[in-house]
Amino acid sequence: MGYQRTVKEKLTPYLLFVIIVATISGFLFGYQTAVISGALIFLAPAFHLSIPEQGVVVSMILIGCILGALVGGHMTDRWGRKKTLIIASMIFIIGSFLLSICQSYECLIIGRLISGIGVGIVSVAAPLYISEISPPRHRGMFVSLYQLAVTLGILISFVVNYQCAESANWRLMFLLGAVPAALQFICLFFLPETPSWLFKQGEEKEGTSILQKLRYGKNWMNQIEAMKSAASPHRIGSWKVVFSSKLRFVLLIGVVLSIFQQITGINTVIYYAPKIFEIAGFTSATGAIAATMVVGTVNVLATIISVWLLDRIGRRKLLLVGAAGMAVSLIVLGGAFFIGSGWINEAALVSLMAYVGFFAIGLGPVTWVILSEIYPLKIRSKAMTVAVFANWGFNYLVSLSFLDLIQGMGGAGTFLLYAAITILSFWFVYRFIPETRGKTLEEIESMILR
Ligand code: BGC
C-alpha cells in the first residue's frame with residue numbers, strides 16, 4: 001500500500017522555510033532566462049550589435065545552461081545538494097552583477113554564459129533537493145512550487161522590463177536579478193543537507209536527526225530503514241550503471257519526457273511572444289508587450305492549479321489533459337494563421353493563452369516532478385544530468401530554429417508541426433509514464449526496478 005493512504009502528517013514551519021528558500025532557485029531560473037527579451041532592445045543600439053551578435057547574446061545563456069547541467073549532477077553527488085545550491089546562488093550574483101556593469105559585447109557574452117551556468121546547475125540540483133527533502137504526500141506539490149517560481153521569475157522579468165523600458169535602464173534589469181540570489185545565498189546556510197544524500201554518505205545519525213527536525217510525529221521513522229537500504233549497498237552508481245540495460249529504460253523515459261517538454265514549442269512563446277504577436281498583426285509595440293505580460297500571468301495562474309492538483313489527482317492525468325489541450329490550441333493557432341482573416345489577432349491571443357495554460361498544467365511542472373522522482377538514488381543525479389542536459393540542448397535547438405521555421409513554413413506550418421509533436425507526446429505519456437503520486441521515493445524505486 002502507498003505511503004499516501006497510510007500517513008497523514010502536518011508540515012513543520014522549518015520544512016516550509018526550507019522549501020521556500022529552495023524554490024528561489026526556480027525564480028532565478030525564470031528571471032535570468034526571460035530578462036533578455038526586454039534588455040535586448042536597448043543592448044542592440046548601445047553596443048552596436050549586429051543581428052547575429054544579438055542572437056549570440058540571447059542564446060549564450062542556453063550554452064551556459066547546457067554546461068551547468070553537465071556539471072550540476074557531479075556537484076550534487078560530490079559536495080551534496082545544499083552546497084551545490086549555495087555555489088549556484090553565488091554564480092547568479094556574479095553573473096547579474098557582471099552584466100549590469102558591462103562595457104563591451106565580450107563582457108555581455110561572458111555574463112550571459114555565467115548566468116546560464118547557474119541556471120543549468122539549479123535545474124538539476126533544486127528539483128533533486130526539494131524532492132528528497134519533501135514528505136511523499138506533498139512531494140508533487142513542493143517540486144511543482146519550484147516550477148511556479150520559474151513562472152513567477154519569468155513574469156516578474158517581463159514586469160521589470162516594462163518598468164525599466166522608459167528609462168532604457170537595462171543595467172538595472174540585470175542587477176535586480178542579484179537581489180533574490182543574495183537573499184537565497186544567506187538563507188541557504190540555514191538549510192539542511194537532504195537525508196537521502198547523507199545516508200548515501202554513510203552519515204546515518206545526521207540524516208536521522210535532520211528528518212526529526214523536518215517532520216512532526218513519528219511516522220517518518222517507518223521510512224528510515226527503506227531509505228538506508230536504498231542508499232547503502234551501492235553508494236554512487238557509475239556512468240556504466242546509468243546506461244546499463246537494467247536502467248536504460250527508465251533513463252530514456254525521463255530523457256524523452258524532458259525533450260518533449262521543449263520540442264512541443266513552449267519557449268517559442270516565452271522567448272518570442274512579442275514577435276509572434278507582431279507576426280499575427282499587433283501593430284503597436286506596447287500592445288505586443290502587454291499581451292506578453294498576459295501570457296506570463298496565465299503561465300503563473302495555471303501552474304497554481306497544477307500545484308494544487310498534483311498530489312490529489314496524480315501526475316499522469318495532468319500530463320494527458322495538458323498535452324491534449326496544448327495540441328488543440330496549437331491546431332487553432334495554426335488554423336488562424338492559415339486562414340489569416342481579420343480576427344487572427346484575437347484567435348492568436350486566445351489560442352496562445354490556452355496553449356501556455358495547458359503547458360503550465362501538465363508538461364511544465366510535471367516534467368520536473370517526474371524527473372526528480374523516477375530515478376533510483378544511486379543514479380539519481382547522473383540520470384537527471386542526462387535528462388536536464390537534453391532539456392537545455394533541445395531548448396537551444398527549438399529557439400534557434402523557430403524564426404527560420406516561421407520564414408520557411410509560415411506561422412500555420414510551424415504551429416501545426418508543434419501540434420503533431422504534442423500529439424506524439426500524449427501517446428508517449430499514456431504508454432510509458434508511471435503514476436508516482438503518494439509513493440515514497442523508495443517505493444517508486446522498487447516499482448521501477450521490479
Ligand atoms: C521549462 C522552461 C520554460 C518554462 C516556462 C519550464 O518548465 O523548462 O524551458 O521556459 O517552464 O514556464
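Please read these numbers as outputs of a predicted model, since none were measured by experiment. (Residues numbered from 1 in each chain as written. Predicted model: local features only at pLDDT ≥ 70, side-chain atom pairs only at ≥ 80, totals over all residues. Heavy atoms only, no water.)

## With respect to the overall build of the protein chain
Next, step 1: Of regular secondary structure, the protein chain possesses 21 helices and 0 strands.
Next, step 2: Computed over its C-alpha atoms, the radius of gyration of the protein chain comes to 21 Å, within 12% of the 22 Å expected for a compact globule of 450 residues.
Next, step 3: With respect to the three principal axes, the spread of C-alpha positions in the protein chain is 65 × 45 × 40 Å.
Next, step 4: Pairs at least 24 residues apart make up 84% of the contacts formed inside the protein chain by residues separated by at least 6 positions. (Helix = DSSP H or I, 4+ residues; strand = E, 2+ residues; numbered from the N terminus. Rg over C-alpha atoms; globule rule 2.2 N^0.38 Å. Contact = heavy atoms within 4.5 Å.)

## Things to note about the environment of Glu-132
Next, step 1: With respect to the element layout, Glu-132 can be found in helix H6 (residues 105–133).
Next, step 2: The exposure class of Glu-132 is buried, given its relative accessible area of 3%.
Next, step 3: Setting aside anything within four residues of it in sequence, one finds Glu-132 in contact with Arg-81, Thr-194, Pro-195, Ser-196, Trp-197, Leu-377, Arg-380 and Leu-441.
Next, step 4: A polar contact is formed between the side chain of Glu-132 and the side chain of Arg-81, at a distance of 2.8 Å. (Buried < 20%, exposed > 50% of the residue type's maximum accessible area, 1.4 Å probe, protein only. Polar contact = N/O pair within 3.5 Å; in protein donor to acceptor, adjacent residues only side chain to side chain.)

## Observations regarding the site of the ligand
Next, step 1: Taken together, Phe-29, Gln-147, Thr-151, Ile-154, Gln-261, Gln-262, Asn-267, Asn-299, Phe-359, Gly-364, Trp-368 and Asn-395 make up the full set of residues adjacent to the ligand.
Next, step 2: Residue Gln-147 places a side-chain N or O atom 2.7 Å away from an oxygen atom belonging to the ligand.
Next, step 3: A distance of 2.6 Å separates an oxygen atom of the ligand from a polar atom in the side chain of Asn-267.
Next, step 4: Compared with its free state, where it exposes 310 Å², the ligand has 99% of that area covered by protein.
Next, step 5: Mapping the ligand onto the cavity grids shows that it belongs to the largest cavity.
Next, step 6: The dominant element in the shell around the ligand, judged by the number of residues it contributes, is helix H7 (residues 139–165), at 3 residues. (Near = heavy atom within 4 Å. Areas by Shrake-Rupley, 256 points an atom, 1.4 Å probe, with all protein chains shown as cover. 1 Å grid on protein atoms, 1.4 Å probe; cavity = no way out; pocket = protein on both sides within 12 Å on 5 of 7 lines; lining within 4 Å. Sits in = over half its atoms within 2 Å of the grid points.)

## Describing the side chain of Ser-381
Next, step 1: Among the secondary structure elements, Ser-381 is positioned in helix H20 (residues 380–432).
Next, step 2: For Ser-381, the contacting residues outside a window of four places in its chain are Gly-73, Thr-76, Asp-77, Arg-81, Val-124 and Leu-128.

## Thoughts on H6
Next, step 1: Given a rise of 1.5 Å per residue, 29 residues ought to cover 42 Å, and the 41 Å separating the end C-alpha atoms of H6 matches this to within 8%.
Next, step 2: Bending of H6 peaks at approximately 35° at the position of Val-122.
Next, step 3: Counting buried positions over the 29 residues of H6 gives 24, a clear majority of the element. (Expected span 1.5 Å × (residues − 1). Bend = angle between axes of the 7 residues up to and from the residue.)

## Remarks on the confidence of the model for the protein chain
Detailed reading of the predicted model is not advised wherever pLDDT is low.
Next, step 1: On average, residues of the protein chain score 89 in pLDDT, and 94% of them are at 70 or above.
Next, step 2: Under a pLDDT of 50 for its full length, residues 1–7 has, in the predicted model, 18 contacts with residues more than four places off or in other chains. (pLDDT = per-residue confidence, 0-100.)

## A look at the packing of aromatic side chains
Next, step 1: The final tally for this structure, using the stated rule, is 16 aromatic pairs.
Next, step 2: Ring centres of Tyr-146 and Trp-368 lie 6.1 Å apart, and the angle between their planes is 85°; on these two criteria the pair is classed as edge-to-face. Linking Tyr-146 in helix H7 with Trp-368 in helix H19 (residues 363–373), this pair joins segments that are 222 residues apart in sequence.
Next, step 3: Using a relative accessible area of 1% as the deciding quantity, one classes Trp-368 as buried.
Next, step 4: Both rings, one in Phe-185 and one in Phe-189, keep their centres 5.2 Å apart while their planes meet at 85°; by these two values the pair is edge-to-face.
Next, step 5: Under the relative-accessibility criterion, Phe-189 is labelled partly exposed at 47%.
Next, step 6: Within the aromatic cluster, the residues linked to one another by ring pairs are Phe-249, Phe-260, Trp-427, Phe-428 and Phe-432. (Phe/Tyr/Trp six-rings, centres within 6.5 Å; stacked < 30°, edge-to-face > 60°.)

## Quick look at the layout of surface pockets
Empty space among the atoms can be located by rolling a probe the size of a water molecule over them.
Next, step 1: In this structure, the largest pocket encloses a volume near 1,200 Å³.
Next, step 2: Residue lining of the largest pocket: 44 residues in total, with Leu-40, Val-58, Tyr-271, Tyr-272 and Lys-275 positioned closest to the centre.
Next, step 3: Elements with a minimum of two residues in the lining of the largest pocket: helix H2 (13–34), helix H3 (36–46), helix H4 (51–78), H7, helix H15 (266–279), helix H16 (285–313) and H20.
Next, step 4: Per-element accounting of the lining of the largest pocket gives the leading share, 11 residues, to H4.
Next, step 5: Along the wall of the second largest pocket there are 15 residues; nearest its centre are Pro-192, Glu-193, Leu-198, Glu-206 and Ile-210.
Next, step 6: Every element with two or more residues in the lining of the second largest pocket is listed here: helix H5 (81–100), helix H10 (195–200) and helix H11 (204–214). (Points joined across faces, edges and corners; volume = space filled by probe spheres on them.)

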